[in-house]
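Report on the structure
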Amino acid sequence: MTLTMYGIKNCDTIKKARRWLEEQGVAYHFHDYRADGLDEQQLRGFVELLGWEPLLNTRGTTWRKLDEAQRNACDNADAAIELMLAQPAIIKRPLLSDGKGHALLGFNADSYQQFISEVAA
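Report on the accompanying structure. Just so it is clear, the structure is predicted and the values come from calculations on it, not from any experiment. Along each chain, the written sequence defines residue order, and numbers are assigned to residues from 1. With pLDDT at 70 or above as the cut-off, local features in this predicted model cover only qualifying residues; side-chain atom pairs require 80 or more to be listed or tallied, and sums for whole chains, interfaces and linings still use all residues. Computation of side-chain values: all heavy atoms of the structure, hydrogens and water removed.

Looking at where Asp98 falls in the secondary structure, it is placed in the loop between strand E3 (95–97) and strand E4 (103–105). Accessibility here uses a 1.4 Å probe with only protein chains present; expressed as a share of the type maximum, an area under 20% marks a residue as buried, one over 50% as exposed, and anything in between as partly exposed. Neither His nor the chain ends is counted toward charge; the positive residues are Lys and Arg and the negative residues Asp and Glu. Whenever a carboxyl oxygen of Asp or Glu lies within 4 Å of a side-chain nitrogen of Lys or Arg, that contact is scored as a salt bridge. Here Asp98 sits buried without a salt bridge, and the closest side chain of opposite charge, Lys100, lies 6.1 Å off (N-O distance). In terms of polar contacts, Asp98 uses its side chain to reach the side chain of His102, at 2.8 Å. It only takes one pair of heavy atoms within 4.5 Å for two residues to be counted as in contact. Those residues in contact with Asp98 that lie beyond four places of it in its chain are Thr2, Leu3, Phe115 and Val119. Helix and strand labels come from DSSP, where a helix needs a run of H or I of at least four residues and a strand needs a run of E of at least two; each type is numbered from the N terminus. Any pair of N or O atoms that falls within 3.5 Å is considered a polar contact. Within protein, one atom must be able to donate a hydrogen and the other to accept it, and sequence-neighbouring residues count only if both atoms are side-chain atoms.

Turning our eyes to something else, we now look at the pairing of strand E2 (residues 28–32). For E2, the tally of buried residues reaches 4 of 5 residues, placing the bulk of the element in the interior. Whether two strands pair depends on DSSP finding at least two bridges between them. With 5 bridges connecting them, strand E1 (residues 3–7) and E2 associate as parallel partners. By the bridge assignment, Gly7 is partnered in E2 with Asp32. A clockwise path from the first strand over the helix to the second, with the strands pointing away from the viewer, defines a right-handed crossover. Handedness of the crossover is the feature at issue here: the chain leaves E1, passes through helix H1 (residues 12–23), returns alongside E2, and the resulting connection is right-handed.

Attention shifts here to helix H7 (residues 77–86). Note on helix geometry: an α-helix contains 3.6 residues per turn, so any two residues three or four positions apart are oriented the same way. Of all the residues in H7, the buried ones are Ala80, Ile81, Leu83 and Met84. End-on, the buried residues of H7 take up no more than an arc of 165°, which puts them together on one face. Among the exposed residues of H7, those pointing more than 90 degrees away from its buried face are Glu82 and Ala86. Looking at the packing, one finds that the buried side of H7 touches helix H3 (40–50), helix H4 (52–55) and helix H5 (61–65). Sitting at the amino-terminal end of H7 is Asn76, which places a side-chain oxygen 3.0 Å from the backbone nitrogen of Asp78. Arc, as used here, means the arc of the directions from the helix axis to the C-beta atoms.

Quick look at H1 now. By this rule, a helix spans an expected 1.5 Å times one less than how many residues it contains. Here H1 contains 12 residues, and its C-alpha end-to-end distance of 16 Å stays within 8% of the 16 Å for a straight helix at 1.5 Å per residue. Restricting attention to buried positions, one finds in H1 the residues Ile14, Ala17, Trp20 and Leu21. The buried residues of H1 all sit within an arc of 130° when viewed along its axis, so they share a single face. For H1, the exposed residues lying more than 90 degrees away from the buried face are Asp12, Glu22 and Glu23. Each element contacted by the buried residues of H1 is listed here: E1, E2, E3 and helix H8 (109–120). Once H1 ends, the next one or two residues include Gly25, with phi positive near 70°.

Ordered in space as E2-E1-E3-E4, the 4 strands form an open sheet in which the pairing is mixed. Edge positions in the sheet fall to E2 and E4, since each of these pairs with one other strand and no more. The sheet shows a mean angle of 20° between the axes of neighbouring strands, direction not considered. What counts as an axis is a line fitted to C-alpha atoms, over the stretch in contact for a helix, and the angles between N-to-C directions run from 0 to 180 degrees. Against the sheet, H1 contacts E1, E2 and E3, and its axis sits at roughly 165° relative to E1. Contacting E1, E2, E3 and E4, H3 runs over the sheet at an angle of about 80° to E4.

What follows covers the nonpolar core. Within this scheme, the nonpolar core is defined by two criteria: the residues are buried Ala, Val, Leu, Ile, Met, Phe, Trp, Tyr or Cys, and they are joined through side-chain atoms within 4.5 Å. In terms of nonpolar packing, the biggest core is built from 23 residues, with Leu55, Leu56, Met84 and Leu95 touching the most fellow members. Within the residue set of this core, elements represented by two or more residues are H3, H4, H7 and E4. By residue number, the principal contributor to this core is H7, which donates 4 residues. For Met84, the residues in contact, after removing those within four places along its chain, are Leu43, Val47, Trp52, Leu55, Leu56, Ile90 and Ile91. Formed by 16 residues, the second largest nonpolar core is a distinct cluster that contains Phe30, Leu104, Phe115 and Val119.

Shown next, in the form of structure tokens:
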């Protein structure tokens with residue numbers, strides 16, 4: 001089982017999630033949206049798995065910095081994908097994936113424990 005965590009390295013929630021995985025001895029690869037990029041096909045796969053609404057972080061600084069017209073225009077999957085590709089910091093994080101069609105969004109130690117148990121089985 002190879003897990004990949006997607007996010008941005010300086011995010012506090014990413015730091016907590018990475019620390020938790022390391023403390024549990026869980027091997028993973030970290031994919032930084034800014035440093036490693038994100039292609040449209042990969043993002044569309046995440047949207048298919050999780051939906052575009054959960055992936056779009058409307059509570060973060062990047063969303064708040066958008067003007068009202070940009071926020072209002074983001075009302076469907078294609079518009080959300082276009083925005084997330086242009087501004088990856090707007091993607092909710094962390095996103096933990098097993099690369100086999102299972103993914104978990106956000107960080108909660110109990111959820112991580114359950115997710116890891118399920119994908120390892």
